[in-house]
Amino acid sequence: MKISIIGTGYVGLITGVCFAELGNNVICIDINEEKVNKINSGEPTIYERGLEEIFKKNLERIKASLNFNEILNTDITFICVSTPENPDGSINLDYIKSASESVGKVLKEKGYHLVVVKSTVVPETTEKVVIPILEKFSEKNVGEDFGVCMNPEFLKEGSAIKDFMEPDRIVIGEFDKKSGDMLFNLYKDFKCPILRTDLKTAEMIKYASNAFLSMKISFINEMGNICKKLGINIYKVAEGMGYDERIGHKFLRAGPGFGGSCFKKDVNALIKKAESLGYEPKILKSVLEVNERQPLKMIELLKKYLQNLKNKKIGVLGLSFKPETDDIRESPAIKIVKKLLEEEAIVNAYDPKAMNNFKKLFPNINYFSSAQDCIENSEAVLIVTDWDEFKDLDYSDKIVIDGRYIISKEKAKIYEGICW
Ligand code: NAD
């Protein structure tokens, strides 16, 4: 099939590259000229394990453009633009609205076409925001002249290609059967359950999933904070819990809290949506409160040993919000570095992939070209992200606050685990 992707960020690029790998022709449309040029010169715009290989393998089937008229040469358009937070936590639909307008204008000139919303949008958005804009600017009718689906994306950064190619499930929210059938056809060879629903159910499945996963992390962190006071290792507790099939082992790794571009903004957006409906979502609010405080526990522990951090050299290992990505959005390292700077510490930092992104936020801290150098130049070290390479370093004469349970107590002069 011929596919256009609107918004070639994380989700858009992975979606485009993976559909190309499956034999489709893909045109990536973005408003960011730098991204478009980079893609056309054969370079992926983000780091993600395995992306470069399959991107380069499929160069003939992937093109990028700033011109929305490219949609005319395609059968399906996926809208993958960002849906960030407004200052009050509610969802900002500006990019969705402007992308829908641009798509609508092109649909005016086109025969039947399927528009698929892949961005995460709060329930009712596709029906009440996207479709009216598409109809207005195309001067056509949904269900007759064009189809609409809502197809949430569940990929995880760090394993995005695998998650896209071998998903746990595919959710197709459909305006009508014709739209759903067309999208189903694109996904028909995937070996996973394909759930077909109405539009707002598909939107809610994405929010309920992210809210549940965020809750699982805040829950285990809360258990971990209690365990820390009791001298109990939360990792043993989590292991014992996880054998229960109803609980499972995944997402029970206590640490400095969740980051990433999605969990916080999606939980906030759901809170705001619920409140607009007259419902107060107490669990969701607690999930965010626990997460807000969690990274700073590492500094509280550090202060047991270095009461005054002024002019103390503190190493921060790991800046991305999780390993195998260069994404620092909402990373616990941001809160930690901010706090260290407030306390006038000298911050030494290292990350295998995320230093360039971090430098944009914190240009004036010290960056090291290796983790060992960073350790050697610091009095104390905070392990914030669980990159594999942090496991086998020499921490022997340092104070180590381990946020990820990745080194043993014996490896450091003084060792504190965040929740153990
Ligand atoms: P991103 O910020 O990386 O990329 C968005 C892209 O859209 C940018 O390249 C931007 O230039 C482009 N854009 C903005 N407005 C545009 C317009 N009017 N026309 C064309 N392009 C436009 O965002 P992302 O992380 O890929 O997320 C996209 C959506 O997918 C969000 O709703 C997000 O919640 C959801 N999502 C993200 C992930 C993830 O892990 N990143 C996972 C699942 C779902």
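Here we take up a negative patch on the surface. Taken together, Asp373, Glu376, Asp394 and Asp397 make up a surface patch of like negative charges. Position of glutamate 376 among the secondary structure elements: in helix 15 (residues 371-376).

Of the residues that open helix 2 (residues 33-40), the one with a side-chain oxygen 3.0 Å from the backbone nitrogen of glutamate 34 is asparagine 32. Positive backbone phi, at 85°, marks glycine 42, one or two positions downstream of helix 2.

Let us look at the site of the ligand. The environment of the ligand is formed by 29 residues, the closest being Val11, Asp30, Lys35, Thr83 and Lys265. The contact in question runs from an oxygen atom of the ligand to an N or O atom on the side chain of lysine 35, over 2.8 Å. Side-chain polar atom of serine 98 to a nitrogen atom of the ligand: 2.9 Å apart, as the coordinates give it. In isolation the ligand has 830 Å² of accessible area, and contact with the protein removes 91% of it. At the level of secondary structure, the elements contributing two or more residues to the shell around the ligand comprise helix 1 (10-21) and helix 4 (94-107). Per-element tally for the shell around the ligand: the top contributor is helix 4, with 3 residues. When grouped by side-chain class, the residues that make up the shell around the ligand number 12 nonpolar, 10 polar and 7 charged.

The next subject is the packing of aromatic side chains. Under the defined criterion, the tally for this structure stands at 12 aromatic pairs. Look at phenylalanine 19 and phenylalanine 78: their rings are 5.3 Å apart centre to centre, the planes differ by 35°, and that puts the pair in the tilted class. Of this pair, phenylalanine 19 sits in helix 1 while phenylalanine 78 sits in strand 4 (residues 76-79); the two residues are 59 residues apart in sequence, bridging distant segments of the chain. With a relative accessible area of 0%, phenylalanine 19 lands in the buried category. What makes phenylalanine 78 buried here is its relative accessible area of 0%. Here tyrosine 405 and tryptophan 420 contribute two aromatic rings whose centre-to-centre distance is 5.1 Å and whose plane-to-plane angle is 70°, an arrangement assigned as edge-to-face. Placement of tyrosine 405 in the loop between strand 13 (399-402) and strand 14 (414-417) and of tryptophan 420 in the segment after strand 14 is noted, with a sequence separation of 15 residues between them. Since its relative accessible area comes to 15%, tryptophan 420 is described here as buried.

Another point: the pairing of strand 13. Because side chains alternate across strand 13, one face comprises the buried residues Ile399 and Ile401, and the other comprises Val400 and Asp402, equally buried. Here 4 bridges tie strand 12 (residues 380-383) to strand 13, and the two strands are oriented parallel to one another. Bridging from a neighbouring strand, isoleucine 383 pairs with aspartate 402 of strand 13. In this sheet, strand 14 lies alongside strand 13 in parallel orientation, the contact comprising 4 bridges. Counterpart to isoleucine 401 in the pairing with strand 14 is glutamate 416.

What follows covers the side chain of aspartate 351. Its place among the elements puts aspartate 351 in the loop between strand 10 (346-350) and helix 14 (355-361). Among buried Asp, Glu, Lys and Arg side chains, aspartate 351 stands out as unpaired, with lysine 353 the closest opposite charge at 8.3 Å. For aspartate 351, the side chain forms a polar contact with the main-chain nitrogen of lysine 353, separated by 2.8 Å. Among the polar contacts listed, one links the side chain of aspartate 351 to the backbone nitrogen of alanine 354, at a separation of 2.7 Å. Excluding residues within four positions of it along the chain, aspartate 351 makes contact with Gly318, Leu319, Ser320 and Trp387.

Each assigned domain of the protein is listed with its residue range as follows: domain 1 (2-206) and domain 2 (229-420). The centre of domain 1, based on its C-alpha atoms, is set 33 Å off from the matching centre of domain 2. Counting from both sides, the interface comprises 20 residues of domain 1 and, opposite them, 18 residues of domain 2. Between domain 1 and domain 2, roughly 1,500 Å² of surface is buried when both sides are summed, and carbon and sulfur atoms account for 53% of that area. On the surface where domain 1 and domain 2 come into contact, there are 4 salt bridges. Salt-bridge contacts for lysine 273 lead to glutamate 124; the nearest nitrogen and oxygen are separated by 3.0 Å. Applying the counting rule to domain 1 against domain 2 returns 8 residue pairs in polar contact (both at pLDDT 80 or more).

Thresholds applied
- Residues numbered from 1 in each chain as written.
- Predicted model: local features only at pLDDT ≥ 70, side-chain atom pairs only at ≥ 80, totals over all residues.
- Heavy atoms only, no water.
- Patch = residues over 30% accessible without salt bridge, like charges linked within 9 Å, V, L, I, M, F, W, Y side chains within 5 Å.
- Areas by Shrake-Rupley, 256 points an atom, 1.4 Å probe, with all protein chains shown as cover.
- Salt bridge = Lys/Arg side-chain N within 4 Å of Asp/Glu carboxyl O.
- Lys, Arg positive; Asp, Glu negative; His and termini not counted.
- Charge placed at Lys NZ, Arg CZ, Asp CG, Glu CD.
- Helix = DSSP H or I, 4+ residues; strand = E, 2+ residues; numbered from the N terminus.
- Polar contact = N/O pair within 3.5 Å; in protein donor to acceptor, adjacent residues only side chain to side chain.
- Near = heavy atom within 4 Å.
- Nonpolar A, V, L, I, M, F, W, Y, C, P; charged D, E, K, R; others polar.
- Phe/Tyr/Trp six-rings, centres within 6.5 Å; stacked < 30°, edge-to-face > 60°.
- Buried < 20%, exposed > 50% of the residue type's maximum accessible area, 1.4 Å probe, protein only.
- Pairing = 2+ DSSP bridges.
- Contact = heavy atoms within 4.5 Å.
- Domains from an automatic or database assignment.
- Buried area = accessible area lost by both parts, 1.4 Å probe.

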